[in-house]
Amino acid sequence: MTQPKAQATLSDMFPQSVAVLSKPSVATFEQFERRGGTTEAAIYVVVGAVIAALAGLLSGGIGGLIAGLLGPLIGFGVFTGLVYVVGKNLFKGTGTYPEVAYTFALFYVPISVVSAVIGIIPILGALVAFILGLVNIYFGYLAVQSSMNLRDSTSAIVTLVLSYIGSAIVIGILTSLVIIPLFVARVITGN
């Protein structure tokens, strides 16, 4: 049996995010995981990244704008890709990448937008970002159980931990590929 084509819009995704955030459970995620796919998740993440980039511009200038835009886009793609690969290959998860991407987007986008906007406020922003990071972990745990159909707590936790470590390594490598040449250029030019 084929699944109907997912066609969620931004106006559909916002109330779905509210439902996921206000009633956190695997069952709530299950209600929405097939209502959208990779394209819808990507659009939602781009909208969130633009908002984060504008907040970054206010607090960190052009560097904050670029980090606010690229950080969420690259981070989301790498992390959800690893959740899918780890969950499927190590724990025989039965979810699809579109389900993982869509499910994660429903909580990731609003939490990252709130974190970026409140992050403008010194000290309070850092505290709220830390707390929202913990909230992200909890929602990620539920999302892995739902989107990859990994009901075993250990499998879900290991999937998250390995995905986090892998994405930190990938992001670190990508960041160094940008920062090191910029640093060398500054040293050479004296700027």
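For the structure itself, consult the block above.
Residues numbered from 1 in each chain as written. Predicted model: local features only at pLDDT ≥ 70, side-chain atom pairs only at ≥ 80, totals over all residues. Heavy atoms only, no water.

Digging into the packing of helix H5 (residues 124-147) against helix H6 (residues 153-189)
Phase 1 of the analysis: Where H5 contacts H6, the two axes come as close as 9 Å, and the packing angle between them is 120°. Here H5 is positioned oblique relative to H6, judged by the angle of their axes. Crossing handedness for the pair H5 and H6: right-handed. Contact residues: Ile137, Gly140, Tyr141, Val144 and Gln145 in H5; Ser153, Ala156, Ile157, Thr159 and Leu160 in H6.
Phase 2 of the analysis: Split into classes, the residues belonging to the contact of H5 with H6 amount to six nonpolar, four polar and no charged. (Axes fitted to C-alpha atoms, helices over the stretch in contact; angles between N-to-C directions. Helix = DSSP H or I, 4+ residues; strand = E, 2+ residues; numbered from the N terminus. Parallel < 35°, antiparallel > 145°, perpendicular 65-115°, else oblique. Left-handed = near helix turned anticlockwise from the far one by under 90°. Contact = heavy atoms within 4.5 Å. Nonpolar A, V, L, I, M, F, W, Y, C, P; charged D, E, K, R; others polar.)

Side note on the side chain of serine 163
Phase 1 of the analysis: Turning to its location among the elements, serine 163 is positioned in helix H6.
Phase 2 of the analysis: Look at serine 163 and you get buried, because its relative accessible area is 0%.
Phase 3 of the analysis: A polar contact of 3.4 Å, which involves the side chain of serine 163, links it to the backbone oxygen of leucine 82.
Phase 4 of the analysis: Reaching out from serine 163, the side chain makes a polar contact with the backbone oxygen of threonine 159 at a distance of 2.7 Å.
Phase 5 of the analysis: Every residue in contact with serine 163, bar those within four places of it in the chain, is listed here: Phe79, Leu82, Val83 and Val86. (Buried < 20%, exposed > 50% of the residue type's maximum accessible area, 1.4 Å probe, protein only. Polar contact = N/O pair within 3.5 Å; in protein donor to acceptor, adjacent residues only side chain to side chain.)

Structural notes on the packing of helix H1 (residues 10-22) against helix H4 (residues 97-118)
If you want to describe how two helices pack, look at the angle between their axes and the distance between the axes.
Phase 1 of the analysis: Between H1 and H4, whose axes approach to 9 Å, the crossing angle comes to 85°. The angle between H1 and H4 places the two elements in the roughly perpendicular class. In contact with Met13, Gln16, Ser17, Val20 and Leu21 of H1, H4 contributes Tyr102, Ala105, Leu106, Phe107, Pro110 and Ile111.
Phase 2 of the analysis: Its residues placed into classes, the contact of H1 with H4 shows nine nonpolar, two polar and no charged.

Considerations on the pattern of salt bridges
It is possible for side chains of opposite charge to pair when their charged atoms get near one another.
Phase 1 of the analysis: Inspection of every chain in the model, using the stated rule, returns three salt bridges.
Phase 2 of the analysis: Between glutamate 33 and arginine 34 there is a salt bridge, with its nearest N and O atoms 4.0 Å apart.
Phase 3 of the analysis: Of the charged contacts in the structure, one is a salt bridge between arginine 34 and glutamate 99, with a shortest N-O distance of 2.9 Å. With arginine 34 in the loop between helix H2 (26-32) and helix H3 (38-91) and glutamate 99 in helix H4, the pair connects residues that are 65 residues apart, well separated along the chain. (Salt bridge = Lys/Arg side-chain N within 4 Å of Asp/Glu carboxyl O.)

Here's the deal with H5
Phase 1 of the analysis: The first and last C-alpha atoms of H5 sit 33 Å apart over 24 residues, in line with the 34 Å expected at 1.5 Å per residue.
Phase 2 of the analysis: When H5 is considered as a whole, its buried residues turn out to be Gly125, Val128, Leu132, Phe139, Gly140, Tyr141, Leu142, Ala143, Val144, Gln145, Ser146 and Ser147.
Phase 3 of the analysis: Considering only its buried residues, H5 is in contact with H1, H2, H3, H4 and H6. (Expected span 1.5 Å × (residues − 1).)

Observations concerning the environment of glycine 75
Phase 1 of the analysis: Its location among the elements puts glycine 75 in helix H3.
Phase 2 of the analysis: Sequence spacing of glycine 75 and alanine 168 is 93 residues, and the spatial spacing of their C-alpha atoms is 8.7 Å.
Phase 3 of the analysis: Residues in contact with glycine 75, not counting those within four places in the same chain, are Leu70 and Ile171.

A few points about the environment of leucine 124
Phase 1 of the analysis: Turning to its location among the elements, leucine 124 is positioned in helix H5.
Phase 2 of the analysis: Of the residues examined, leucine 124 reaches a relative accessible area of 41% and is grouped as partly exposed.
Phase 3 of the analysis: Through-space distance from the C-alpha of leucine 124 to that of phenylalanine 14 is 26 Å; in sequence the pair is 110 residues apart.

Bear in mind that shape data such as this cannot, by itself, settle questions of function.
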